[in-house]
Amino acid sequence: MNVLDELRGRAEADPIVVGLVLTGSHARGMANRWSDVDVIVVVRERGGGWTRTRRSPELDEIVCTVDELADTSDRWQRYAYRGARVLLDRLDGGVAELVRRQAVPTAAEAGAWAREALDGYLNLAYRSAKSRRAGDPVAAELDARESTPWLLETVFAGHGRLRPYNKYLRWELATYPLPAPWDAADLPGRALRDPVGMAPEVVRLARRHGLGEVVDGWGDDLALLGCGGAHPADDSPLTDR
């Protein structure tokens, strides 16, 4: 019996457990010989053999109450549920719905994240371009690298999505494709090699998804990034994707 079968047997025999959720590399079909099994054990309340998270080289057994699973305030942790597999659901689909809610932001959430990330990306891209113009390639490169997380957050939130963990970036784009230049063939390499050079495409994306006011707030400064100045808005609201 493997560790997952053993855990399922214990969970199914205990009525305090209402759900099991497989996450991580095993859920996404990316496991290798070093991968442990990551399982969220959803309980009505902590007690008995389900009081704390237990970690071993083979299994991460993460105990979570129903209320904790319903809490979406930890944005970074939410991507763990993207592509997760519900192995047990004693809430008649309630566990699956809470997992979906973790993995899929609302339009309001995505819109707020995209605005914040876009401004952060443009700030660092502009700083990088200014340093390069001033003959300081080290500062330029540092700012360019720092802009990459903001770029990725802008792209995914702009499409109504959570930004994936770097390990799962290609998996995300292959499983839930985005159009070029945000596809699996283009985005990972360009985000690594030249995130600042993607500024014109980021600006076009921003305008298409209702973020023109953030772009226009930068005025003519964006000309340094190869972007035009203020343009009439052709914005449309963000929607869940």
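Up top is the structure these notes are about.
Residue indices begin from 1 for each chain and proceed along its sequence in written order. Under the rules for a predicted model, residues below a pLDDT of 70 receive no local features and side-chain atom pairs below 80 are neither given nor counted, while totals for whole chains, interfaces and linings still include all residues. Values reported for side chains reflect all heavy atoms of the structure, with hydrogen atoms and water molecules removed beforehand.

J.: Explain the pattern of salt bridges here, please?
T.: One speaks of a salt bridge when a side-chain nitrogen belonging to Lys or Arg is within 4 Å of a carboxyl oxygen belonging to Asp or Glu. Throughout the structure, instances matching the rule amount to 17 salt bridges. Arg132 is the partner of Glu141 in a salt bridge, and the nearest nitrogen-oxygen pair spans 3.8 Å. The cut-offs for exposure are 20% and 50% of the maximum accessible area for each residue type, with area from a 1.4 Å probe on protein chains only; residues under the lower value are buried, those over the upper are exposed, and the others partly exposed. Note on Glu141: relative accessible area 32%, which makes it partly exposed. By relative accessible area, which is 46% here, Arg132 ends up partly exposed. Across the salt bridge formed by Glu201 and Arg190, the nearest N and O atoms sit 2.8 Å from each other.

J.: Is there a simple way to think about the sheet that holds strand β5 (residues 85–89) in this case?
T.: For sheets, the rule is that strands pair by backbone hydrogen bonds, running either parallel or antiparallel. One open sheet holds the 5 strands; their spatial order is β3-β4-β2-β1-β5, and the pairing between them is mixed. Sheet topology places β3 (54–55) and β5 at the edges, where each strand pairs with a single neighbour. Of the pairings in the sheet, the one linking strand β1 (residues 17–23) to β5 comprises 4 bridges and is antiparallel in character. Across the sheet, Leu22 pairs through a bridge with Arg85, a residue of β5. Note on definitions: a residue-residue contact is assigned when non-hydrogen atoms from the two residues lie within 4.5 Å. Angular values range over 0 to 180 degrees, each being the angle between N-to-C directions of two axes fitted as lines to C-alpha atoms, with helices fitted over their stretch in contact. The helix count covers DSSP runs of H or I at least four residues long, the strand count covers runs of E at least two residues long, and both are numbered beginning at the N terminus. Contacts from helix α1 (residues 3–12) reach β1, β2 (37–43), β4 (59–65) and β5 within the one sheet, and its direction differs from that of β2 by about 5°. Against the sheet, helix α5 (residues 94–103) contacts β1, β2 and β5, and its axis sits at roughly 150° relative to β5. By the convention used here, strands pair only if DSSP detects at least 2 bridges between them.

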